[in-house]
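The primary structure of each chain is shown beneath.
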Amino acid sequence: MALPVAEWRGRTARLWAALDSALRERLAAASLHDAVRLGCDLLRTKEEEEAALVQLCHRAATDKKPEAASRYREQGNQEFKQGHYQAALRLYSKAASHELPGSPELSVCFANRSAALLHLGHFEVCLEDIARAESHGYPDRLLPKVLLRKAECLLRLGRLQDAQESLRVLESKFALDGVMTTNLARLKKLSQLKVKLGEKERCPEPAQEAHGGIQGEPEIWEENNRISGASSSLSLGFDAERGRHLLASQDIVPGQSLVKEEAFVSVLCPGESLPLQDGDTAWDTRATNADLYCHRCLRQLLASVPCQGCSYAKYCSQDCADVAWQQYHRTECSLGALLLTLGVFCHVALRTVLLAGFAEVSRLVAWSHRGDKSLQCPEASCKPLGEAADAGAGSRGVPGCDSSGQYQSSYQALFHLLPHTEQHSPEHKFLCSLSVVAICKQLQAAGLEAAVLSQESPQQWSKPKPCENTSGELSPELKTVAEAMLRHVLQLQCNAQAITVMQELGPHWCRMRVAERQQLLSQYFFNCRCPACLEELESGVKSVVSIRNSFCCPKCQAQMQGEEDTLCCSNEACATSASRDHLSGRLQDLQQQIKKGLGMLRVGKADQAIKMLLKCQMDAGTFLSPEHLLMGEMEDHLAQVYATLGKWQEAARHLKKSIEIVEMHHGPSSVETGHELFKLAQILFNGFAVSEALSTIQRAEGILSVHFGPQNAQIQELQEMKACLSELPINILQRT
Ligand SMILES: [Zn+2]
Ligand SMILES: [Zn+2]
Ligand SMILES: [Zn+2]
Ligand SMILES: [Zn+2]
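Residues numbered from 1 in each chain as written. Chains lettered and ligands numbered in written order. Predicted model: local features only at pLDDT ≥ 70, side-chain atom pairs only at ≥ 80, totals over all residues. Heavy atoms only, no water.

What to know about the coordination of the zinc ion (ligand 4)
Coordination of the zinc ion (ligand 4) by the protein comes from Cys 553 (SG), Cys 556 (SG), Cys 569 (SG) and Cys 574 (SG), over a distance range of 2.2 to 2.4 Å. Here the zinc ion (ligand 4) binds 4 donor atoms, and the angle range of 95 to 116 degrees at the metal identifies the geometry as tetrahedral. Mapped onto the sequence, the residues coordinating the zinc ion (ligand 4) show the spacing C-x2-C-x12-C-x4-C. Using a relative accessible area of 8% as the deciding quantity, one classes Cys 569 as buried. (Donors = N, O, S within 2.8 Å, 3.2 Å for Na, K, Ca; no water. Tetrahedral: all angles 85-135°; square planar, octahedral: opposite > 155°, others 65-115°. Buried < 20%, exposed > 50% of the residue type's maximum accessible area, 1.4 Å probe, protein only.)

Here it is as structure tokens:
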């Protein structure tokens, strides 16, 4: 998704392999400037590559297809009839994105969608859709239906005067049309609404209070006076290997916010739901990210506003649509399919240069050519723009900062992030060069060059002129743009944040061996030298993870050692050995038995489940280390069984043992420990162990709020428990 589609990657890889070795070497050592020039030359002589790219783009078509729209609308109507309003809403939105602006069909989509919104209780948004339907020329004969809906919405919102006004309009319309042509059901609805209006006017309901965002606890946030958007616990550093980076200058408490900076540029990840085959006629009715989130601000969409030009970009509001159009989408709109084919990194790179503006882009690209000579000398390349190196303290001399050493989010700051040109593989640089050149050629061919170079007023942009230059040679300005884009694509691997889903169990030194951790970091060309990594690397010992999850000697319970097939007892006096396969087999058997025990619990045989699990525990004690995670899991299962029997004290006893082991593996403030403490709080709560419950609730709340924030469902439940306990009569409290 970040990179171009597999077929294009394959084509460029084959092209790379077929180049003669001299050219490959030239490309491998090329600067960004030369890589773009070589890419241009290559793509000009390889017409079949360009044709292949055009072919690939058909799969990700983003133009409007009115025939698809009617399909989506029909499906939406079917869902609506069955009372599936959410599904209907989504399909009407999809339909709207394919209708041509200003067409009566588009206004019908909005009107239909407003009906779904009314049923879902979104009255304000329903009114917006009705207004959209009216402004796009809703057919006159269908108007009464929509006006009735409008009156009902206004009534539900308590806007009685407006409701009255729209009922008046409706009545006069009915009068004008004559009773014969007026639908009787609608007349009935009208009189019902008038009765309701009368009732509301006689006894107005108290106006609903506007409820703002849920207030959490005030946060400790002191902004750094040299680094905008960063906490005062940080300082800015620079070295040739890592580029500009943040360092802790004070102890940081878990959960503390460190950076609050709006992204300089963001792009909605399309997700993976593109049609699978060329010329796919079965329209995809699944919702993709483009259907679910605003193309510009990434807010969740309810009733999207489609782009006027394409079926891909959908917005939360007309405002977002207008701003996006003005800032970048007028250039991106017709390139949708190409951008989807070439991946998110290329898209981000293009949007970055569009947001920065050509003047800034060309200024910095020109500067980087002067800077190239100083690459061998890191100190020299640290110089801020237009300023001699300064021996001043703090962030002075950090590239991207201004002359006083102040960091601000800006294109200049972004431009100075390291592209790691030398570390990326030559094949990868080749792929990226060809891809950005392909985008720039498309911009030129579509007559969008002027828009990119910001030389025309927005009004003129709406009618791009076809390109006069048919030689396929990129203009010097677009070559500069391509060079900046190539830099950004290469920077993104280390500097982009993908926001997808909340990952509960992220990488952590408690869960992974050093080799796995370093592997994850290799994408960032980064060798970690933190204490945990250094200790594990230098001592050559197995990680704590593997020690804790090891087998123990069946005779003396000491740890079993060895990397080979035969394991030996670490107690030299004992000298027992055992085959690894044998022990692994026992472990598998044990896991099977535990599963059986849980199965018994599910069918209500709690007593048998307890027997089974206790037997498993005995067995495990003879060959697993007492700290083995499975030992903890068995305690957790036992706690669960006792809890179903209402034996809270027993349950709590087992859960506490489980917590000990979980803490040992994952740390006392880990998510895992948080979840276990949550369970313990529930059990203590149910068992009326009030004071212990309160302290456990507090600990669980502290840990879980760091990981999930105050809105988390478990935290809400903990707070309810706390409130409930604090309302208990004092005599119960004293008994515990
Ligand atoms: Zn938006
Ligand atoms: Zn568009
Ligand atoms: Zn590390
Ligand atoms: Zn032994």
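Regarding the coordination of the zinc ion (ligand 3)
Looking at the zinc ion (ligand 3), one finds its protein donor set to be Cys 528 (SG), Cys 530 (SG) and Cys 533 (SG), positioned 2.2 to 2.3 Å from the metal centre. Expressed as a motif, the donor residue spacing for the zinc ion (ligand 3) is C-x1-C-x2-C.

Overview of the environment of Ser 233
Locating Ser 233 in the fold gives a position in the loop between helix H11 (184-202) and strand S1 (234-239). When its relative accessible area of 4% is taken as the criterion, Ser 233 is described as buried. With 16 residues separating them in the primary sequence, Ser 233 and Ser 249 have C-alpha atoms 5.3 Å apart. When neighbours within four sequence positions are excluded, Ser 233 is seen to be in contact with Leu 247, Ala 248, Ser 249, Gln 250, Ile 252 and Gln 256. A distance of 3.0 Å separates the side chain of Ser 233 from the side chain of Gln 256, its partner in a polar contact. (Helix = DSSP H or I, 4+ residues; strand = E, 2+ residues; numbered from the N terminus. Contact = heavy atoms within 4.5 Å. Polar contact = N/O pair within 3.5 Å; in protein donor to acceptor, adjacent residues only side chain to side chain.)

Considering empty space enclosed by the protein
Counting across every chain of the model gives 4 cavities of 30 Å³ or more. What the largest cavity holds in volume is close to 120 Å³. For the largest cavity, the lining is made up of 15 residues, of which Tyr 312, Gly 336, Leu 339, Leu 340 and His 347 are closest to its centre. Those elements giving two or more residues to the lining of the largest cavity turn out to be helix H13 (318-332), helix H14 (336-342) and helix H15 (344-356). Per element, the largest residue contribution to the lining of the largest cavity is 3 residues, and it comes from H14. Along the lines of polarity and charge, the residues of the lining of the largest cavity split into 9 nonpolar, 5 polar and 1 charged. (1 Å grid on protein atoms, 1.4 Å probe; cavity = no way out; pocket = protein on both sides within 12 Å on 5 of 7 lines; lining within 4 Å. Points joined across faces, edges and corners; volume = space filled by probe spheres on them. Nonpolar A, V, L, I, M, F, W, Y, C, P; charged D, E, K, R; others polar.)

A short note on the UniProt feature "domain: MYND-type" (unreviewed entry) in the protein
According to UniProt, the positions carrying the feature "domain: MYND-type" (unreviewed entry) are residues 294-333. Between the first and last C-alpha atoms of residues 294-333 the distance is 15 Å; the span itself is 38% helix and 10% strand. (UniProt positions renumbered as here; feature names shortened; annotations may be inferred.)

Brief notes about the pattern of salt bridges
Within this structure, the stated rule accounts for 30 salt bridges. A salt bridge links Asp 291 to Lys 94; its shortest N-O distance comes to 2.8 Å. Placement of the pair is Asp 291 in helix H12 (residues 289-292) and Lys 94 in helix H6 (residues 85-98), with a sequence separation of 197 residues. Residue classification places Asp 291 among the buried residues on the basis of a relative accessible area of 12%. For Lys 94, a relative accessible area of 9% corresponds to the buried category. Between Arg 156 and Glu 152 there is a salt bridge, with its nearest N and O atoms 3.5 Å apart. One end of the pair, Arg 156, and the other, Glu 152, are both in helix H9 (residues 143-156), 4 residues apart, so they sit about a helical turn from each other. Judged by its relative accessible area of 46%, Arg 156 falls in the partly exposed class. Because the salt bridges share partners, they merge into one network encompassing Asp 41, Arg 44, Glu 473 and Lys 479. (Salt bridge = Lys/Arg side-chain N within 4 Å of Asp/Glu carboxyl O.)

Regarding the packing of aromatic side chains
Counted under the stated rule, the structure contains 5 aromatic pairs. When the ring of Phe 551 is compared with that of Phe 623, the centres are 6.3 Å apart and the planes differ by 20 degrees; the resulting orientation is stacked. Separated by 72 residues along the polypeptide, Phe 551 in the loop between helix H25 (544-548) and strand S5 (560-561) and Phe 623 in the loop between helix H27 (606-621) and helix H28 (629-644) bring together distant segments of the chain. A relative accessible area of 11% places Phe 551 in the buried class. Accessibility expressed as a relative area gives 0% for Phe 623, which makes it buried. Following the ring pairs from residue to residue traces out a cluster consisting of Phe 264, Tyr 411 and Phe 415. Across the ring face of Trp 221, the terminal group of Lys 260 is positioned such that the distance to the ring centre comes to 4.4 Å. It is Arg 351 that lies over the ring of Tyr 328; its NZ or CZ is 3.8 Å from the centre. (Phe/Tyr/Trp six-rings, centres within 6.5 Å; stacked < 30°, edge-to-face > 60°. Lys NZ or Arg CZ within 6 Å of the ring centre and 35° of its normal.)

Section: the nonpolar core
Counting residues in each nonpolar core, the largest one holds 81 residues, and the members touching the most others are Tyr 315, Leu 350, Tyr 411, Ile 439, Val 481 and Met 485. Sort the elements by how many residues they give to this core and helix H19 (residues 426-445) lands first, with 10 residues. Discounting residues that sit within four places of it in the chain, Tyr 315 has contacts with Cys 294, His 295, Arg 296, Leu 301, Ala 303, Ser 304, Val 305, Cys 307, Cys 320, Ala 321, Ala 324 and His 329. Within the second largest apolar cluster, 52 residues are counted, among which are Leu 598, Ile 683, Leu 684 and Leu 704. (Core = buried A, V, L, I, M, F, W, Y, C linked by side-chain atoms within 4.5 Å.)

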